[in-house]
Amino acid sequence: MTEEKLRALLDSMSLEEKVGQMVQVTGAFLEEDAVITGPAADAGLELSDCRLAGSILGIAGADRLKRIQERYMEEHPHHIPLLMMADVIHGYRTVFPIPLALGASFQPELVEKAMGMAAEEAASAGLHVTFSPMTDLVRDPRWGRVLESFGESPWLDSRMAEAYVRGYQGADGDLSRPGRMSACDKHFVGYGAPVAGREYNHAELSEHTVREFHLPPKIAAIKAGTACVMPAFQSLNGEPCTASEKIVRKLLRDELGFEGVTISDWSAVGELVAQGAAADTREAAKLAIEAGIDIDMMSVCYARELKGLVESGEVEERLVDEAVWRILTLKNRLGLFEDPFHGSGTEAEKKTVLCQEHRDFARKMVAESVILLKNEDSVLPLSREKKTAFIGPYVDSTDTCGSWAIFQNREDTVTLRRGVAEGGYGENALFCHGCDVLENTRVLGFGVEEVFGQREDRDELVKQALKAAEEADAVVMALGEHTLQSGEAASRGDITLPAQQMELLRQVSRVNSNVITVVYSGRPLDLREVSACSKAVLAVFLPGTMGGAGIADVLFGAASPGGRVSMSFPWSAAQIPVYHNDYSTGRPYDPAGAEQKFVSRYLDMPNSPLYPFGYGLTYGSFRYSSVTLSAETMKAGEVLTAAVTVTNEGTAAAKETVQLYLHDEKATTVRPRRELKGVKCLYLQPGESGEAVFRITEEMLKIWDRDMNFLAEPGTFTVYIGSDSRTENGAGFRYEG
Ligand code: BGC
C-alpha cells in the first residue's frame, strides 16, 4: 500500500479502532470458541476488549492463524489484518542451541543463517514478528534468563544482535518477502542486570555502565534494522522502563533514532501499579503512552483506558496517531495489506519445518557451540572400538531444548543415545539412566508443573550404573540442571548440579578414572567439583532438537568442539559477578607474585573464574606467533592491522577461534583490563598454519569519557591476540588523535 493510502486509512479510523491497534492479546482470545481465564480474567480483561486488538501473540500454525485472520478481518470495520507475534527465540520446530550457546560459537555468520531458518519455519506457520533477539548483556549466572543472552561482551553480543536481526529480517530488511519475520529487540534496557540475580528485580546501573556495556548490543540491533523494540519490565535506577520518557522517548527514539514499533513486555503496563509508579490502570496507560509504548501486551490498560484518556483531554490524540502509524507501517512493510497470510500455508510448512537442511545445520551448530572445558590425557575423542558407558538422566532425555522452545515437539528431539546409535558410534556403547534429573522437588513452567519424588528403584539404578562404569573403558556422564531451572522466572542461588546427580558422579568417578562429564544447563554452572571428578568436561548448554547427534559427533571426534566461553564459569557463586572486562584497580592482585596483603583479592578463593571468557579446548593444538602491527602509531582516521600466524601442532583438524582484545592503558575513565574487539576462525589441518589479520579502527578505541562524550583519547593501547581473554600475547601502539 502506498504511504498516501496508509495515511488515508489512519485518518478514516475511529478512536476506538486506533486504540485497538495498540492492544495485544494472546491468540486464543481471538479464536471462535474463546474464553478468558487465568490471570487475564483476574485482571478484568473481557472478550470485548480483544475484538479490535491489532496483534496477537503466543500461538502458531498456518491453518490456525489463517482462520483467526480471516474471521478477524471480516469483522474489522476497515478489514485491517492482524499482526501475529510469538517468541521464536532459537528456532521454531527445528530448535537450535540456546542463544547463550550460539553466542559461544563466536560465529555470527552461522548464527545469522540459523535464524534465517528459524524465520522461514515460523513464517511458514503464519507468524510475522518474533520477540527476539534478547540482547541483554549478562554477568550473573544466577539469573535464569542468561540462557537467552549471548554473554558478557558488548562486542560479541553486538555481532550476535546484528546476526539475529539480519537472519530474521533478511540482509536487505525486506520484510514483505515470504520466509521473513520482523525482529523485536528486547529488553530496553538493563533487564540483564537484576540486583542479586533475582528475576524481575530492579537494576541499578550508572549511566557509564549502561552506555559502555548494556547499550552497544541494543544499538547494534537498531542499526541492523530491528523493526520492533520491547522496553524492559523492570525499573532502571528507580524508574520503570515502561513508564520512562527518559528511556523510551528520549534515549531509544530521539537519541538512538529508533523509528519502529515499541511493544511493552507481558502485562508490564498494568504492573506499573504494583511497582508503585501508577495509582491505577488509568494512570498506568497514561504514563506508558507518554513514555512511548506503542503496543500494550496483555494488560487491560490501553484497551480499557486509552479512549477515555483521549476523550477527556488527558492524553493527546496525536500520541495515539503516532503509535498507530508505526504499527500500520509495520503491517505494510510486511505486505499484510496485500497478503495477510504472508506466504504461510500448510504447503510452505511441509516444505520448511524440520526439513533435512535445517536439521543438518542444527546438528552442525551443536558442534560449533559446545565448549570443551577440560580434556586431561586427551581422553576425548572417544574410540568406538572401546567400551563406553553412557550414564545419567540426559542419556535418554528429549527435554533438551529449554523453556523458550514453545513450539518444539519433544518427539523431534534426538537424544544422546539416539545420536550415538544413529551416528554409527554405538557398537561398544552401554546406556544407563543412573538417576532422575531431580529428586523430591517440583518445578514450575508456563502452565506446567513437574513433580519429582524418590524412585523406588533408586538404589538399583545406581548399582547398574556402577556396574556399567566398572566394566567400561570410559564413562560419559550426561548430567545437568532441569530445563525449568533456567529461563524466565528461574533464578537459582545455588548453581551446582542437583545433589543426587553429583553423588552419582562421585561414585562413578571412584570406579572409573576415565570420566567425561557432559553438562546440560541454561547457564554457566559452578563446575568445580564436576571438574575434579572428571577427566573431561563438555558444556553443551541446552542443545536443541539435534543435540544428541551433534554431541555424539564431538564425543567421537567427527567434529572438533567449536564453542568458547561467552559468559565466565565462576569458580564459586560467591564470586558473582565475575567477568573478563572488569576495570583495572589501583591494587591489582598477581596470583603468581609474592604473597601480598593490601591488594584486590579474596582470602578464601581466587579472583579468576574457573573457566574464563574466550576459553575452550579443541582437538587441535595451536601455537601462536607474536603479534605484528602495521605501525607503532595511529593518527585520527587511520587504520592499523594486527596479525598473528597460528599453527596447528596437533594431530586432528580443528577450528581455532582467534581473539583480539584491546586494553587502553590510560584514559580519563578507568578502562576494562581486556575488551574483545575481533574474532577470526581458522580451520587448520594438522601441521597447517594460517594467518589471522585484524583491522584496528579509531571506532574501536572509543570510550565514554568523564563528561559522557564518546571519543578516542590519545594514548597508549595494547593489542592482545590469543586463544582466550587471559592471553599475554600483545603489542603496543600509540594513538595520536
Ligand atoms: C518475557 C518476554 C516475552 C513475553 C512474551 C515475557 O514474560 O519477558 O521476553 O517476549 O513474555 O511471551
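About the criteria used
Residues numbered from 1 in each chain as written. Predicted model: local features only at pLDDT ≥ 70, side-chain atom pairs only at ≥ 80, totals over all residues. Heavy atoms only, no water. UniProt positions renumbered as here; feature names shortened; annotations may be inferred. Helix = DSSP H or I, 4+ residues; strand = E, 2+ residues; numbered from the N terminus. Rg over C-alpha atoms; globule rule 2.2 N^0.38 Å. Buried < 20%, exposed > 50% of the residue type's maximum accessible area, 1.4 Å probe, protein only. Areas by Shrake-Rupley, 256 points an atom, 1.4 Å probe, with all protein chains shown as cover. Lys, Arg positive; Asp, Glu negative; His and termini not counted. Charge placed at Lys NZ, Arg CZ, Asp CG, Glu CD. Pairing = 2+ DSSP bridges. Phe/Tyr/Trp six-rings, centres within 6.5 Å; stacked < 30°, edge-to-face > 60°. Lys NZ or Arg CZ within 6 Å of the ring centre and 35° of its normal. Near = heavy atom within 4 Å. Polar contact = N/O pair within 3.5 Å; in protein donor to acceptor, adjacent residues only side chain to side chain. Nonpolar A, V, L, I, M, F, W, Y, C, P; charged D, E, K, R; others polar. Arc of directions from axis to C-beta. Contact = heavy atoms within 4.5 Å. Axes fitted to C-alpha atoms, helices over the stretch in contact; angles between N-to-C directions. Left-handed = near helix turned anticlockwise from the far one by under 90°. Disulfide = S-S within 2.5 Å. Salt bridge = Lys/Arg side-chain N within 4 Å of Asp/Glu carboxyl O.

- Per an unreviewed UniProt entry, the chain is named beta-glucosidase, and its organism is Candidatus Lachnoclostridium stercorigallinarum.
- Comment text from UniProt for the chain, heading Sequence similarities (unreviewed entry), reads "Belongs to the glycosyl hydrolase 3 family."

## Focus on the overall build of the chain
Phase 1 of the analysis: Each helix and strand in the chain was counted, giving 21 helices and 29 strands.
Phase 2 of the analysis: Taking 737 residues into account, the globule formula puts the C-alpha radius of gyration at 27 Å, and the chain, at 26 Å, falls close to it.
Phase 3 of the analysis: When the backbone C-alpha atoms are referred to their principal axes, the chain occupies close to 75 × 70 × 45 Å.
Phase 4 of the analysis: Within the chain, the proportion of its 737 residues that are buried is 61%.
Phase 5 of the analysis: Accessible area of the chain: about 27,700 Å², with a carbon and sulfur share of 48%.
Phase 6 of the analysis: Of note, the chain has its 75 positive side-chain charges centred 3 Å away from the centre of its 107 negative side-chain charges.

## Quick notes on the pairing of strand β14 (residues 441–444)
Phase 1 of the analysis: The sheet contact formed by β14 and strand β15 (residues 449–452) spans four bridges and is antiparallel. Along β15, the bridge assignment pairs leucine 444 with glutamate 449.
Phase 2 of the analysis: The loop that links β14 with its antiparallel partner β15 comprises four residues; one of these, glycine 447, has a positive phi angle of about 75°.

## Regarding the UniProt feature "domain: Fibronectin type III-like" (unreviewed entry) in the chain
Phase 1 of the analysis: Taking the UniProt record as the reference, the feature "domain: Fibronectin type III-like" (unreviewed entry) is found at residues 656–725.
Phase 2 of the analysis: Helix makes up 0% of residues 656–725 and strand 56%, with an end-to-end C-alpha separation of 14 Å.

## With respect to the packing of aromatic side chains
Phase 1 of the analysis: As enumerated under the stated definition, the model contains 20 aromatic pairs in all.
Phase 2 of the analysis: Here phenylalanine 213 and tyrosine 583 contribute two aromatic rings whose centre-to-centre distance is 6.2 Å and whose plane-to-plane angle is 65°, an arrangement assigned as edge-to-face. Of the two residues, phenylalanine 213 is situated in helix α9 (residues 207–223) and tyrosine 583 in the loop between α21 (547–555) and β19 (622–624); the sequence distance between them amounts to 370 residues.
Phase 3 of the analysis: Above the plane of the ring of phenylalanine 213 lies arginine 139, whose end atom (NZ or CZ) is 4.3 Å from the centre.

## Here we look at the sheet that holds strand β6 (residues 228–231)
Phase 1 of the analysis: Within the open sheet, the three strands sit side by side as β5-β6-β9. Their pairing is parallel. Because the sheet does not close on itself, it has two edges, and the strands there are β5 (184–188) and β9 (261–262).
Phase 2 of the analysis: Sheet topology note: the β5/β6 ladder contains four bridges and is parallel. Residue pairing for β6: lysine 186 is matched across the bridge by methionine 230.

## Brief notes about the site of the ligand
Phase 1 of the analysis: In the vicinity of the ligand lie 13 residues, with Asp87, Arg145, His187, Asp265 and Glu488 positioned nearest.
Phase 2 of the analysis: In the model, an oxygen atom of the ligand is placed 2.7 Å from a nitrogen or oxygen of the arginine 145 side chain.
Phase 3 of the analysis: A distance of 2.8 Å is found between an oxygen atom of the ligand and a side-chain nitrogen or oxygen belonging to glutamate 488.
Phase 4 of the analysis: Across the shell around the ligand, the residue classes break down as seven nonpolar, one polar and five charged.

## Focus: unusual backbone geometry
Phase 1 of the analysis: Here the amide bond leading from serine 132 into proline 133 is cis, since omega sits at 10°, within 30 degrees of zero.
Phase 2 of the analysis: Here proline 133 lies in the loop between β4 (129–130) and α8 (154–169).
Phase 3 of the analysis: A cis geometry characterises the amide bond from leucine 380 onward to proline 381, with omega recorded as 0°.
Phase 4 of the analysis: At asparagine 237, a residue that is not glycine, the phi angle is positive and equals roughly 50°.
Phase 5 of the analysis: The phi torsion at aspartate 377 lies on the positive side, around 55°, for a residue other than glycine.
Phase 6 of the analysis: As for its placement among the helices and strands, aspartate 377 is situated in the loop between β11 (371–375) and β12 (388–391).

## A word on helix α1 (residues 3–12)
Because an α-helix packs 3.6 residues into every turn, residues spaced three or four apart end up facing the same way.
Phase 1 of the analysis: When we look at burial in α1, the residues that qualify are Leu6, Leu9 and Leu10. On an axial view of α1, the arc spanned by its buried residues comes to 100°, and they lie on one face. Among the exposed residues of α1, those pointing more than 90 degrees away from its buried face are Glu4, Lys5 and Asp11.
Phase 2 of the analysis: For α1, the elements touching its buried residues are α2 (15–21) and α14 (317–333).

## Examining the packing of helix α18 (residues 458–471) against helix α19 (residues 499–511)
Phase 1 of the analysis: Interaxial distance between α18 and α19 falls to 9 Å at its minimum, and their mutual angle equals 35°. Regarding α18 and α19, the two cross each other, and that crossing is right-handed. Contacts between α18 and α19 pair Arg458, Val462, Ala465, Leu466, Ala469 and Glu470 from the former with Gln500, Leu504, Gln507, Val508 and Val511 from the latter.

## Re the state of the cysteines
Phase 1 of the analysis: Applying the stated rule across the entire model yields zero disulfides.
Phase 2 of the analysis: Distance from the sulfur of cysteine 301, which forms no disulfide, to the nearest cysteine sulfur (cysteine 50) is 14 Å.
Phase 3 of the analysis: The class of cysteine 301 is buried, set by a relative accessible area of 0%.
Phase 4 of the analysis: Cysteine 435 provides the cysteine sulfur closest to cysteine 533, a residue in no disulfide bond, and the two sulfurs are 14 Å apart.

## Re the sheet that holds β4
Phase 1 of the analysis: What the five strands build is an open sheet, ordered β4-β3-β2-β1-β10; its pairing is parallel. The strands lining the two open edges of the sheet, one partner per strand, are β4 and β10 (296–297).
Phase 2 of the analysis: Relative to β10, strand β1 (residues 23–26) runs parallel, the two sharing two bridges. By the bridge assignment for β10, glutamine 24 is matched with methionine 297.

## So, α21
Phase 1 of the analysis: Summarising burial for α21: nine of the nine residues are buried, a large majority.
Phase 2 of the analysis: Where α21 is concerned, the buried positions are Gly547, Gly548, Ala549, Gly550, Ile551, Ala552, Asp553, Val554 and Leu555.
Phase 3 of the analysis: Each element contacted by the buried residues of α21 is listed here: α16 (356–369), β12, α17 (416–422), β16 (474–480), β17 (515–520) and β18 (536–539).
Phase 4 of the analysis: Positive phi appears at glycine 557, one or two residues downstream of α21, with a value of about 85°.

## What about the pattern of salt bridges?
A side chain with one charge may pair with a side chain of the opposite charge, provided their charged atoms come close.
Phase 1 of the analysis: Applying the stated rule across the entire model yields 60 salt bridges.
Phase 2 of the analysis: In this structure, the salt-bridge partner of arginine 417 is aspartate 396, at a minimum N-O distance of 2.7 Å. Taken together, the positions of arginine 417 in helix α17 and aspartate 396 in the loop between β12 and α17 put the pair 21 residues apart, joining distant regions of the chain.
Phase 3 of the analysis: Overall, the relative accessible area of 37% leaves aspartate 396 in the partly exposed class.
Phase 4 of the analysis: Notably, a salt bridge pairs arginine 442 with glutamate 449, separated by 2.5 Å at the nearest N-O pair.
Phase 5 of the analysis: Overall, the relative accessible area of 51% leaves arginine 442 in the exposed class.

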